[in-house]
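# Tertiary structure, described
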Amino acid sequence: AALGAANAARKHLHAQLAYFEDQYTQFYDTYLFGMPEAERLSIEKAVRRYTKLLNAILPRSDAGFGEQLERFVLVGSRVTLRDPEDRTEDSFYIVHPAESDADIDRISFLSPLGRQLLGSKRGDALALDVPGGTWNVVVAGVNYAYIGGF
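Residues numbered from 1 in each chain as written. Predicted model: local features only at pLDDT ≥ 70, side-chain atom pairs only at ≥ 80, totals over all residues. Heavy atoms only, no water.

## Things to note about the packing of helix H2 (residues 24-32) against helix H3 (residues 37-57)
With their axes 12 Å apart at the nearest point, H2 and H3 run at an angle of 145° to one another. Between H2 and H3 the crossing geometry is right-handed. Contacts between H2 and H3 involve Tyr 24, Phe 27, Tyr 28 and Leu 32 from the first element and Arg 40, Ile 43, Glu 44 and Val 47 from the second. Looking at the contact of H2 with H3 residue by residue, the classes come out as six nonpolar, no polar and two charged. (Axes fitted to C-alpha atoms, helices over the stretch in contact; angles between N-to-C directions. Helix = DSSP H or I, 4+ residues; strand = E, 2+ residues; numbered from the N terminus. Left-handed = near helix turned anticlockwise from the far one by under 90°. Contact = heavy atoms within 4.5 Å. Nonpolar A, V, L, I, M, F, W, Y, C, P; charged D, E, K, R; others polar.)

Encoded structure:
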């Protein structure tokens, strides 16, 4: 069963990579056209970092690939953040914009929070820019949940 899940995840991540590499114009026209320059540049930088990460983890052996799915926050990951002060935890799914729904904790990778989490690693201490200030958290868990369409 684990091998089947790894193959499904690998197929999904290959589809993401193809989307960013082969359909970038469509992505740009749909989500970035007309956006303020600073935000557009931030998203473009995040997408470049993300495609570089996918190119690094996809060639891994199945065992190594499975480890990466529980290490890096990807589009399709469920990420659990822990506040180091009060030890509370919040979990989110990082998804394609068409799948985002804050009511069920699905956050677009294009959102300010999604961009800050994308590519982070389990164990990372992050100072996230959020409305109202800075949210200091630790990435307590990452689980590739295969959520998000491409």
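Anyway, onward from the coordinates.
## Some remarks on the pattern of salt bridges
Between side chains of opposite charge, a pair can form when the charged atoms approach closely. All chains considered together, the criterion is met by six salt bridges. The salt bridge involving Asp 62 is made with Arg 10; its shortest N-O contact spans 3.0 Å. Placement of Asp 62 in helix H4 (residues 62-69) and of Arg 10 in helix H1 (residues 2-22) is noted, with a sequence separation of 52 residues between them. By relative accessible area, which is 14% here, Arg 10 ends up buried. Notably, a salt bridge pairs Arg 115 with Glu 39, separated by 3.9 Å at the nearest N-O pair. (Salt bridge = Lys/Arg side-chain N within 4 Å of Asp/Glu carboxyl O. Buried < 20%, exposed > 50% of the residue type's maximum accessible area, 1.4 Å probe, protein only.)

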